[in-house]
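Examination of the molecular architecture
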Amino acid sequence: MRYNFDEVIDRSGTNSAKWDKKTLQEMFGVEDVLPFWVADMDFKAARPIVDAVVKQAEHGIYGYSSRPDSYYEAIINWTKRRHGWEIKREWIEFTPGVVPAINYAIQAFCMPGDKIMIQNPVYYPFHGAIENNGCHIVDNTLKLNGDYYEIDFADFEKKAKDPKLTLFILCSPHNPVSRVWTKEELEKIGDICCKNNVIVLADEIHNDLVFSRYKHTMFASIKEEFAANSITCTAPSKTFNLAGMQASNIIIKNPVLREKFERILEKNAIGGQNPFSIAALEAAYNECEDWLDQLLDYLEENIRFIHYYLAEHLPKAKLIEPQGTYLGWLDLREYEPNGKKLESVVYKKGKVALDGGTWFGRGGDGFIRLNFACPKILLAQGLERISKAINEEYSK
Ligand SMILES: Cc1ncc(COP(=O)(O)O)c(C=O)c1O
């Protein structure tokens, strides 16, 4: 089946966090903004998912649900087929989202006062999860080397040696700088963490969204030692645009770590799942691989379009080449290095809602994050608004 990713679907009035006017007004101080922020897509889910959810809805009874064997088989088969990692049924925990899982992991593996390492600029709920659980952020800031970001391994190792540092949160692929870490980079990270007793939480929610020239490696699949020292978070939510369904797969091979994690889930009475997300996850992993392959082609076209558009209309802007995710990290420092000022121009003058670079911690000033998972016609409107506002403001 051919899917039409050019179709513009009106999301207003559907309680979409991304499009809701009141939310936009509160977040950006402007009502009639075009949204490219929150990481969900403006594409309809694949047909088999819609059919499975409609079938569930039409049944008409929405009682408590249990996860059937077929649910776990769908996750196991997908992980093996797409990523070459063989996992077992008992390693898989359910949480209603990856951000909740990160919070539970901190509660399970860290004590208040512990240090947790991240790599800014990074997905900002990492900051909140660490601080809300009484721990301290240690930042191994990523370095921009021309066209792509790199890890400062000397700094990483120095920080990992601190006995108070108990956890490293890996974002792989990385949001917002859209790096797909190579196996060699992951190996270096993993070796340093194992040597220094630092547990790795691998947030691999974007692991299926990787472009044709790049290859994603699941961290825990690299070595037995890494699997024993890590927890991995995946989900169909980004891949198949099911974020509102709130179903994530938390894979923990090590029974000691798993038991600690389970205890926290129990303490918070986490386990029940809504029947729609059970149906949707199975349909997604079992029947929608062709949709994903077509989506990736469409997203690559959108990347080419952004490059072309910027070269023509905003030549001093640079899109950091996305290797994965549908989030573009746009360098506008040559126009405005002051993050807050830049964001105000884009929101107020451009009437575009985007995640500001400053939201992501150190290294974010002068950047904006553009969610390009939308029909090209919307992307063109957004780019036109951004370039017009910036040219008017900075070409005086
Ligand atoms: C790296 C990363 N982790 C987690 C999430 C959100 O996870 P969830 O909605 O399952 O809590 C996102 C969403 O953008 C993300 O980019």
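Everything below is about the structure shown above.
In this report, we go over the structure that sits alongside the text.

Reading guide: rules and limits
- Residues numbered from 1 in each chain as written.
- Predicted model: local features only at pLDDT ≥ 70, side-chain atom pairs only at ≥ 80, totals over all residues.
- Heavy atoms only, no water.
- Axes fitted to C-alpha atoms, helices over the stretch in contact; angles between N-to-C directions.
- Helix = DSSP H or I, 4+ residues; strand = E, 2+ residues; numbered from the N terminus.
- Parallel < 35°, antiparallel > 145°, perpendicular 65-115°, else oblique.
- Left-handed = near helix turned anticlockwise from the far one by under 90°.
- Contact = heavy atoms within 4.5 Å.
- Nonpolar A, V, L, I, M, F, W, Y, C, P; charged D, E, K, R; others polar.
- Phe/Tyr/Trp six-rings, centres within 6.5 Å; stacked < 30°, edge-to-face > 60°.
- Lys NZ or Arg CZ within 6 Å of the ring centre and 35° of its normal.
- Near = heavy atom within 4 Å.
- Polar contact = N/O pair within 3.5 Å; in protein donor to acceptor, adjacent residues only side chain to side chain.
- Areas by Shrake-Rupley, 256 points an atom, 1.4 Å probe, with all protein chains shown as cover.
- 1 Å grid on protein atoms, 1.4 Å probe; cavity = no way out; pocket = protein on both sides within 12 Å on 5 of 7 lines; lining within 4 Å.
- Sits in = over half its atoms within 2 Å of the grid points.
- Salt bridge = Lys/Arg side-chain N within 4 Å of Asp/Glu carboxyl O.

**With respect to the packing of helix H12 (residues 339-349) against helix H13 (residues 376-394)**
Contact geometry for H12 and H13: axes closest at 9 Å, N-to-C directions at 120°. By the angle between their axes, H12 is oblique relative to H13. Two packed elements cross with a definite hand, and for H12 against H13 that hand is right-handed. Facing H12, whose interface residues are Lys341, Leu342, Val345, Val346 and Lys349, H13 presents Ala389, Ile390, Glu392, Glu393 and Tyr394. Residues that form the contact of H12 with H13 fall into these classes: six nonpolar, no polar and four charged.

**Concerning the packing of aromatic side chains**
All told, the structure shown has 24 aromatic pairs when counted by the stated rule. Taken together, a centroid distance of 6.2 Å and an interplanar angle of 40° make the contact between Phe305 and Tyr308 tilted. On the criterion of helical spacing, the pair formed by Phe305 and Tyr308 is a turn pair, its members being three residues apart in helix H11 (residues 289-313). Cluster of aromatic residues (ring-pair linked, three or more members): Phe28, Trp37, Tyr123, Tyr124, Phe126, Trp329, Tyr347, Trp359, Phe360 and Phe367. When the ring centre of Tyr72 is taken as reference, the NZ or CZ atom of Arg89 above it lies at 3.5 Å. Here Lys188 stacks its cationic end above the ring of Phe153, 4.5 Å away from the centre of that ring.

**Topic: the site of the ligand**
Around the ligand sit 13 residues, and of these Val98, Asn175, Asp203, His206 and Lys238 come closest. Between Val99 and the ligand, the recorded distance is 2.9 Å, taken from a backbone N or O atom to an oxygen atom. In isolation the ligand exposes 400 Å². Once the protein is present, 88% of that is buried. Counting atoms within 2 Å of the grid points, the majority share of the ligand lands in the largest pocket. For the shell around the ligand, the residue count by class is seven nonpolar, four polar and two charged.

**Concerning the pattern of salt bridges**
Per the counting criterion, the structure on display carries 24 salt bridges. Between Asp191 and Lys223 there is a salt bridge, with the nearest N and O atoms lying 2.6 Å from each other. Taken as a pair, Asp191 in helix H7 (residues 183-195) and Lys223 in the loop between strand E8 (199-203) and helix H8 (224-228) lie far apart in primary sequence, 32 residues in all. Arg333 is the salt-bridge partner of Asp331, the closest N and O atoms lying 2.8 Å from each other. Salt bridges linked by common partners bring Arg11, Lys18, Asp40 and Asp42 together as one network.

That is the geometry; function is a separate question.
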